[in-house]
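Report on the structure
So the chains spell out like this:
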Amino acid sequence: MRVRAWRRHMVPYLLIAPAIVYLALFFAYPMYEGLVLAVYDEDAVLPVRAEPTLDSAEVAEIPQGGALLILDRQSQAMIDDDGATDLLTEQWFRVSGTGDTGAAVDGWVSEARIRVRSEDAAGNPLAGTVRPRLGQSADPLTDVHAEPNDRSGVVGRLEQRAPVEITEVAVLEVWFLVRPADDPGEAAGWAPSRYLQVFDDGERGRVHRGTAGEFTTAFIERMVDDRFFGPALRTTLLIMALLIPLQLVLALVMALVIHARIRLSSGFLYVFALPIGMSDLAVGILFFSIFTGNGLLNSVLDGLGIIDGPFAFLTAETTNWIIFAIVLAELWRATSIVMVILVAGLQAIPDETLEAAELFGAGYWQRVRHIMLPLLRPSIQVALILRTILAFQVFAVVIALSGGDVVTVLANESFRQYYDLRNDNVASAYALFILLLSIASAVFYLRSVRAESEVRPT
């Protein structure tokens, strides 16, 4: 019996477990990763090291974009950790030949000191000669090192134009000894070239990208300073201020018509719900065809003799008409969503309650005002929260009617930063801002539009 009871108690948890896993994998984790982009810079700082190797100690950190003084350079083995292509490399040849003393020499020489004379079919160097040094004071001999590094020990010296065999090739990455230009007292450290931009003089540079992250408000500041942020925010709030009250009133009227159970009320439901099946972009294109120069509206106005020729509704000089077209398109497209929620709320009201009110002499509008609307508060609350959140996300209709340039909204700016400017962090900052506005509006509706049972007595 205990086993059966335990199984019965576990059934609800087993049923909800797939939903929790789904939300964690496809909602919570992607949202977390996306929002972290808005406040965390993965390439914020570049650690510089005591020696030109990744396993040496860090001596300082230089912020991304920081100016540098180049003190020295050295070649080291390639780092194959991130597939970087913006790096400086040097080639070293392992050569064998006769040294200046007549003894055999085998070691490493920089590519700059060897002229390749022969190659195999694959282009690999096989033999060459030592390049001569120019200048009267230049050392005519070339050092041969034990390792492919000019700081390693010298195992021999080669005379100029001496023939050598090339037995191996090593490609090395250049490391630079750097110090912050604005803080000469800071400790100097080594950094690989892939993270630096070295200027033409070879003595100065900057940090191209870092390898360590830190939390920052820089992306949010860039969003606020963006010249499109203010217009996008104002347009979004204006569309919401015009759209949501109109949709609520219109959806309530539609819901009351359906709830009245008049003749053909089912037909009204199907007609009113028809826009739900159309995508945002399709509705935007539909209304663009209405407001365009050769569209339906111009044709009707011209046919009635109101205008003499086509009027340009959707131009940079007629932004008010563009906003009107966006509101009208969204009103037609999304009012049915609010209507369905209100219809469901009206159907939940017991018929006995309405019949009792009618029996006591309450007229239809009195029943609507004093019974239906108070009992509809939870449904109105849900409809307002959903519609406001969707209004913050208006995008495709704006693109179709204005191209996203003449009139812009917050969602469009997030897309612009991500797709056009390739700036994931600022795009995530816009997304975070939209999320915060959505949460704030939801909290406002939850506190201001409450059912009678939720209002505490004073």
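For the structure itself, look to the data block above.
The following paragraphs examine the structure supplied in this document. (Residues numbered from 1 in each chain as written. Predicted model: local features only at pLDDT ≥ 70, side-chain atom pairs only at ≥ 80, totals over all residues. Heavy atoms only, no water.)

1. What to know about the overall build of the protein
Here is the rule: Only DSSP runs of H or I with at least four residues qualify as helices, and only runs of E with at least two residues qualify as strands; both kinds are numbered from the N terminus onward. The quantity called the radius of gyration is restricted to C-alpha atoms. Its globule counterpart is 2.2 Å times the number of residues to the power 0.38. For each residue, the accessible area found with a 1.4 Å probe, counting protein chains only, is set against the maximum for its type, and the residue is called buried under 20%, exposed over 50%, and partly exposed in between. The contact rule is simple, with two residues in contact once any of their heavy atoms fall within 4.5 Å. Throughout, the Shrake-Rupley method with a 1.4 Å probe supplies accessible areas, and for residues the shown protein chains are the sole cover considered. Only four residue types enter the tally: Lys and Arg on the positive side, Asp and Glu on the negative side; His and the chain ends are excluded. Each charge is placed at NZ for Lys, CZ for Arg, CG for Asp and CD for Glu.
Counting secondary structure elements, the protein contains 13 helices and 14 strands. Taken over C-alpha atoms, the radius of gyration comes to 36 Å for the protein, far larger than the 23 Å a tight globule of 458 residues would show. Principal-axis analysis of the C-alpha atoms gives the protein an extent of 125 × 85 × 50 Å. Taken over 458 residues, the protein has a buried fraction of 38%. Contacts spanning at least 24 positions in sequence make up 65% of the contacts within the protein whose residues lie at least 6 apart. If you sum the accessible surface of the protein, you get close to 26,600 Å²; carbon and sulfur atoms cover 59% of it. Charged side chains in the protein number 35 positive and 52 negative. The centres of these two groups are separated by 9 Å.

2. Considering a negative patch on the surface
Keep this limit in mind: Within the patch definition used here, like charges are joined within 9 Å and nonpolar side chains (Val, Leu, Ile, Met, Phe, Trp, Tyr) within 5 Å, considering only residues with over 30% relative accessible area and no salt bridge. The salt bridge criterion pairs a side-chain nitrogen of Lys or Arg with a carboxyl oxygen of Asp or Glu, the two atoms within 4 Å.
Together, Asp351, Glu352, Glu355 and Glu358 make up a region of like negative charge exposed at the surface. Relative to the helices and strands, glutamate 358 resides in helix α8 (residues 351-359).

3. Some remarks on the environment of threonine 101
Looking at the secondary structure, you find threonine 101 in the loop between β4 (89-98) and β5 (104-110). For the pair threonine 101 and aspartate 302, spaced 201 residues apart in the sequence, the C-alpha separation amounts to 102 Å.

4. Notes on the packing of aromatic side chains
Using the following cut-off: Only the six-membered ring of Trp is used, alongside the rings of Phe and Tyr, when aromatic pairs are assigned; centres must lie within 6.5 Å, and planes under 30 degrees apart are stacked while those over 60 apart are edge-to-face, with the rest tilted. Put simply, a charge is over a ring when the Lys NZ or the Arg CZ is close to the ring centre, within 6 Å, and near the line of the ring normal, within 35 degrees.
Across all of its chains, the model carries 14 aromatic pairs by this definition. Seen in terms of ring centroids, phenylalanine 291 and phenylalanine 313 are 5.8 Å apart; in terms of plane orientation they differ by 85 degrees. Their pairing is edge-to-face. One end of the pair, phenylalanine 291, is in helix α5 (residues 280-291); the other, phenylalanine 313, is in the loop between α6 (296-303) and α7 (319-347), with 22 residues separating them in the sequence. By the burial criterion, phenylalanine 291 is buried, and phenylalanine 313 matches it. Look at phenylalanine 311 and phenylalanine 313: their rings are 4.8 Å apart centre to centre, the planes differ by 75 degrees, and that puts the pair in the edge-to-face class. It is arginine 416 that lies over the ring of phenylalanine 228; its NZ or CZ is 4.4 Å from the centre.

5. A few points about the nonpolar core
Nonpolar side chains in soluble globular proteins tend to be buried together. In plain terms, the rule: As used here, the term nonpolar core means buried Ala, Val, Leu, Ile, Met, Phe, Trp, Tyr and Cys residues forming a set that is joined through side-chain atoms within 4.5 Å.
Met223, Leu342, Leu346, Met372 and Leu410 are the most contacted members of the largest nonpolar core, which has 44 residues in total. Only α2 (218-225), α3 (229-259), α7, α8, α9 (364-375), α10 (377-392), α12 (410-420) and α13 (424-448) provide two or more residues apiece to this core. For this core, the leading source of residues is α3, giving ten residues. Setting aside residues up to four positions removed in sequence, methionine 223 forms contacts with Phe229, Val426, Ala429, Tyr430 and Phe433. Core analysis: the next-biggest nonpolar cluster, separate from the first, contains 22 residues, Leu243, Phe287, Phe291 and Val327 among them.

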